[in-house]
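Residues per chain are reported as follows:
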Amino acid sequence: MDRPLRSIELEIESLGALGDGLGTLADGTRIYVPYAAVGDRLIVALEGRRGDGAVGRIVEILHPGPGRAQSPCRHFGRCGGCALQHIDEASYRRWKIEQVETALRRSGLGNDAISDLVSIPPHTRRRAALVALGRGNGVELGFHARASRSVVDLDECHVLTPALTALLAPLRAALGPWLTAGKTADIVLTDTATGIDMLVAAKTAPSLAARRHLTDLGRAHDLARISWSRAGAEPEPIMQQRQPRLRFGDVAIDLPPGAFIQPSAAGEAALVRAVLAFLPKAGRVADLFAGCGTFAFVLSRHAAVHAVESDKAAVEALVRAASRAGLAGRVTAERRNLESYPLAAPELDRFDAVVFDPPRRGAKAQAAALAQSAVPVVIAVSCDPKTFARDARLLVDGGYRLESVVPVDQFTWAAHVELVARFLRAKS
Ligand SMILES: C[S@@+](CC[C@H](N)C(=O)[O-])C[C@H]1O[C@@H](n2cnc3c(N)ncnc32)[C@H](O)[C@@H]1O
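Model, not experiment: these values are computed from the prediction. (Residues numbered from 1 in each chain as written. Predicted model: local features only at pLDDT ≥ 70, side-chain atom pairs only at ≥ 80, totals over all residues. Heavy atoms only, no water.)

*Asks:* What is the right way to look at the overall build of the protein chain in this model?
*Replies:* Tallying secondary structure elements over the protein chain gives nine helices and 23 strands in all. Taken over C-alpha atoms, the radius of gyration comes to 23 Å for the protein chain, in line with the 22 Å a tight globule of 428 residues would show. With the principal axes as the frame, the protein chain shows a C-alpha extent of 65 × 60 × 35 Å. Taking all 428 residues of the protein chain together, the buried fraction comes to 54%. In the protein chain, once contacts between residues fewer than 6 apart in sequence are set aside, the share between residues at least 24 apart is 63%. (Helix = DSSP H or I, 4+ residues; strand = E, 2+ residues; numbered from the N terminus. Rg over C-alpha atoms; globule rule 2.2 N^0.38 Å. Buried < 20%, exposed > 50% of the residue type's maximum accessible area, 1.4 Å probe, protein only. Contact = heavy atoms within 4.5 Å.)

See below:
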């Protein structure tokens, strides 16, 4: 938009892919309005271009739409963590399912296979990536503001576990000596079975005083471990009282600092339930993008499992846990980059089923290789319906049938949707 900023009256017709309200000007220009609900009549300030239209900010709600609701969090509207706290449960659930339907439709796939959304309760996010910024007179700690590098200094959060929320204020104080004005850090907090594990990534090493403050924090709040790293480097311990540990099925895993785990225990349980429900009677299963073994260990009760993952620390944790549990023969692991070196059809054909759970960008190369394989059952776990639909198309073009899709709302109030899907190789 080259016009100077101006205000307009706008009616919201639908919600777009980021959860933003969408309205249309008389000349057909589409206006995206964050935090707007369908049916809202608004005064909107136009703030710039976005894609095929413009983006606007709510100045005034003239008349709320029928699905508008009161958000529970006072940071909602600024914090980038949540996009959809302002609509009621029915509109919210419909929108989440529509994201899966739309992605599949755009890939030329039908919607028949999609079942109802599995909800995950608030206050259960046990793993969170936060940002901290030194201000000179203190530290801001929270999530990034929406579409911005600024930090929303959180004093409440309705997604994090109570233990993580309670740590925000003391952590903010403890970071003061390290994060002087202008210094930033990325912080991964994981609420494990043996206490909170914290990894701080920063450009400058903590001074002795900064380490002492963090050690005091760890002792006072009974944290399991605190580590720090320079971006991309091996984490170094600052303090450890216990080994951060979780159980996948009945197998205990020693988590590496900052390790990927499913963001909530309830979300993990929902995904595991769906994967097991989709598992055929199988002798051998491949678990691709296996992480520390979230699926591998529960699958190993039903089949021999080969886990493949690119992250060195995750593979080592998985191998150690398998060996400690006496599962070394039943669960094998391989460190491999599945984007550059996907398992090829002859390797895949040894398995009765393949589970794959890639990062948000999906698994294009691996899906293309699966499409060439004879594996009878493929189970996809995905945190992005768009890349899932692209990979699903490859499988369907290779002769698979998309039989079932279970959407799981792992990221409550965010514009993300997770899902588990089953593909069956059509009989020739
Ligand atoms: C969404 S996580 C799933 C992990 C695991 N399935 C779980 O549920 O905890 C995606 C995993 O893919 C791994 N990964 C990312 N890129 C990869 C690649 N190119 N090849 C193999 N693994 C990769 C990440 O390290 C991460 O563990």
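*Asks:* Explain the domain arrangement of the protein chain here, please?
*Replies:* How big an interface is tends to be reported as the loss of accessible area on association of its parts. In terms of domains, the protein chain is made up of domain 1 (1-68), domain 2 (93-121 + 261-425) and domain 3 (127-246). A C-alpha centroid distance of 31 Å is found between domain 2 and domain 3. Contact with domain 2, which involves five residues of that partner, is made by six residues of domain 3. Regarding the contact of domain 2 and domain 3, the summed buried area is about 470 Å², with carbon and sulfur atoms giving 64% of it. Interface area lost by domain 2 to domain 3 is led by Ile 261, Pro 263 and Trp 413, which between them contribute 75%. Here domain 2 is connected to domain 3 by zero salt bridges. One can count one residue pair in polar contact (both at pLDDT 80 or more) joining domain 2 with domain 3. Classifying every residue of the side of domain 2 that touches domain 3 by side-chain character gives three nonpolar, one polar and one charged. (Domains from an automatic or database assignment. Buried area = accessible area lost by both parts, 1.4 Å probe. Salt bridge = Lys/Arg side-chain N within 4 Å of Asp/Glu carboxyl O. Polar contact = N/O pair within 3.5 Å; in protein donor to acceptor, adjacent residues only side chain to side chain. Nonpolar A, V, L, I, M, F, W, Y, C, P; charged D, E, K, R; others polar.)

*Asks:* How should I be thinking about the environment of Val 38 in this particular structure?
*Replies:* Relative to the helices and strands, Val 38 resides in the loop between β4 (30-33) and β5 (41-50). For Val 38, a relative accessible area of 38% puts it in the partly exposed group. Taking C-alpha positions, Val 38 is 8.8 Å from Ser 91, a pair spaced 53 residues apart along the chain. What Val 38 contacts, discounting residues up to four positions off in sequence, is Ile 12, Glu 13, Ser 14, Leu 15, Gly 65 and Pro 66.

*Asks:* Would you explain the sheet that holds β4 in this entry?
*Replies:* Two orientations exist for strands paired in a sheet by backbone hydrogen bonds: parallel and antiparallel. Strand order in the open sheet formed by six strands is β1-β5-β6-β4-β3-β2, and the pairing between neighbours is mixed. Bordering the open sheet on either side are β1 (7-11) and β2 (14-15), each of which pairs with just one other strand. (Pairing = 2+ DSSP bridges.)

*Asks:* I would appreciate a short explanation of the site of the ligand in the present structure.
*Replies:* Taken together, the neighbourhood of the ligand is formed by 18 residues, with Gln 262, Thr 294, Glu 309, Asn 337 and Leu 338 sitting nearest. In this structure, Ser 310 approaches the ligand through a main-chain N or O atom, which is 3.2 Å from a nitrogen atom. Contacts to the ligand include Asn 337, whose side-chain N or O atom sits 2.8 Å from a nitrogen atom. Protein contact buries 90% of the 600 Å² of open area that the ligand shows by itself. A per-class count over the shell around the ligand returns seven nonpolar, five polar and six charged. (Near = heavy atom within 4 Å. Areas by Shrake-Rupley, 256 points an atom, 1.4 Å probe, with all protein chains shown as cover.)

*Asks:* Before we go on, may I ask you to explain the pattern of salt bridges in this structure?
*Replies:* Side-chain pairs of opposite charge can arise where the charged atoms are in close proximity. Under the counting rule described, the total for this entry stands at 24 salt bridges. Between Arg 41 and Glu 9 there is a salt bridge; the shortest N-O distance is 3.3 Å. Taken together, the positions of Arg 41 in strand β5 and Glu 9 in strand β1 put the pair 32 residues apart, joining distant regions of the chain. Look at Arg 41 and you get partly exposed, because its relative accessible area is 33%. Among the charged side chains, a network of salt bridges with common partners joins Asp 20, Arg 50 and Arg 146.

*Asks:* Would you take a moment to explain helix α9 (residues 385-397) for this structure?
*Replies:* The periodicity of an α-helix, 3.6 residues per turn, causes residues three or four places apart in sequence to face the same way. Over its 13 residues, α9 runs 18 Å from end to end, which matches the ideal 18 Å to within 8%, given 1.5 Å per residue. Of the positions making up α9, those classed as buried are Pro 385, Thr 387, Phe 388, Ala 389, Asp 391, Ala 392 and Leu 395. Residues of α9 that are buried in the fold lie against α1 (89-106), β20 (353-356), α8 (364-371), β21 (377-382), β22 (400-409) and β23 (418-425). N-capping of α9 is provided by Asp 384, with a side-chain oxygen placed 2.7 Å from the backbone N of Lys 386. Two residues or fewer past α9, Gly 399 is found with a positive phi of approximately 110°. (Expected span 1.5 Å × (residues − 1).)

*Asks:* Mind showing me how you'd approach the packing of helix α2 (residues 162-175) against helix α3 (residues 208-220) here?
*Replies:* Each packed pair of helices is defined by two parameters, the angle between the axes and the distance between the axes. Running from N to C, α2 and α3 point in directions that differ by 160°, and their axes come no closer than 8 Å. Judged by the inter-axis angle, α2 sits roughly antiparallel to α3. α2 and α3 meet at a crossing whose hand is right-handed. Note on element contacts: α3 touches α2 through His 213, Leu 214 and Leu 217, opposite Leu 167, Pro 170, Leu 171, Ala 174 and Leu 175. Across the contact of α2 with α3, the residue classes tally to seven nonpolar, one polar and no charged. (Axes fitted to C-alpha atoms, helices over the stretch in contact; angles between N-to-C directions. Parallel < 35°, antiparallel > 145°, perpendicular 65-115°, else oblique. Left-handed = near helix turned anticlockwise from the far one by under 90°.)

*Asks:* Whenever I open this one, the side chain of Asp 409 confuses me. Can you help?
*Replies:* Relative to the helices and strands, Asp 409 is located in strand β22. Those residues in contact with Asp 409 that lie beyond four places of it in its chain are Tyr 92, Lys 96, Leu 117, Val 118, Ser 119, Ile 120 and His 416.

*Asks:* Where do I start with the packing of α8 against α9 in this structure?
*Replies:* The interhelical angle for the contact between α8 and α9, taken along N-to-C directions, is 15°, at an axis separation of 8 Å. Taken together, the axes of α8 and α9 are roughly parallel relative to one another. Where α8 crosses over α9, the two elements pack in a sense that is right-handed. On the side of α8, the interface is formed by Lys 364, Ala 367, Ala 368, Leu 370 and Ala 371, while α9 contributes Arg 390, Asp 391, Leu 394 and Leu 395.

*Asks:* What is the right way to read the nonpolar core from this model?
*Replies:* One recurring pattern in soluble globular proteins is that nonpolar side chains are buried together. The biggest cluster of nonpolar side chains holds 47 residues, and the ones touching the most others in it are Leu 171, Ile 187 and Leu 214. Looking at which element gives the most residues to this core, the answer is α2, with six residues. Built from parts of two domains, this core gets at least three residues from each of domain 1 (1-68) and domain 3 (127-246). Excluding residues that lie within four positions of it along the chain, Leu 171 makes contacts with Leu 141, Ile 187, Leu 189, Met 198, Leu 214 and Leu 217. With 43 residues, the next largest nonpolar core counts Ala 270, Cys 292, Ala 296 and Leu 299 among its residues. (Core = buried A, V, L, I, M, F, W, Y, C linked by side-chain atoms within 4.5 Å.)

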